[in-house]
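Each chain, letter by letter, is given below.
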Amino acid sequence: MNQELMVGDKVSIIKLPAYIKTADPMPMLRPPDILMVGEEGLIIDRRPGGYWGVLFAQKGAFLLDSQYLQKIPE
């Protein structure tokens, strides 16, 4: 991914990781079928380890690496 992401950006998922980590205070691993490729969310924060906290409507917040995200142009 060659776009620079920032908090507040709208993003979509371009591929799914093997497992998805929740953005809870104590993150948990979930199977990737919780989210779908193309699903859109909002970046809510930056986390250690290169993860972005992304909020998805109706699904909740998850931690995703930037390689799985694409910024949606406004």
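All figures in this text were calculated on a predicted structure; none of them were measured in a lab.

Rules of the game
Residues numbered from 1 in each chain as written. Predicted model: local features only at pLDDT ≥ 70, side-chain atom pairs only at ≥ 80, totals over all residues. Heavy atoms only, no water. Core = buried A, V, L, I, M, F, W, Y, C linked by side-chain atoms within 4.5 Å. Buried < 20%, exposed > 50% of the residue type's maximum accessible area, 1.4 Å probe, protein only. Helix = DSSP H or I, 4+ residues; strand = E, 2+ residues; numbered from the N terminus. Contact = heavy atoms within 4.5 Å.

### With respect to the nonpolar core
Phase 1: L5, V11, I13, I20, L35, I43, W52, V54, F56, F62, L64 and L69 together form the largest nonpolar core, which totals twelve residues.
Phase 2: When residues of this core are traced back to their parent elements, those giving at least two are β1 (10-13), β5 (51-56) and β6 (60-65).
Phase 3: Looking at this core element by element, the count peaks at three residues for β5.
Phase 4: Sequence-distant contacts of F56, that is, excluding residues within four places in its chain, are made with I13, L35, E39, E40, G41, F62 and L64.

### Quick word on unusual backbone geometry
Phase 1: Backbone geometry places Q58, a non-glycine residue, at a positive phi of 70 degrees.
Phase 2: Among the structural elements, Q58 can be located in the loop between β5 and β6.
Phase 3: Judged by its relative accessible area of 82%, Q58 is exposed.

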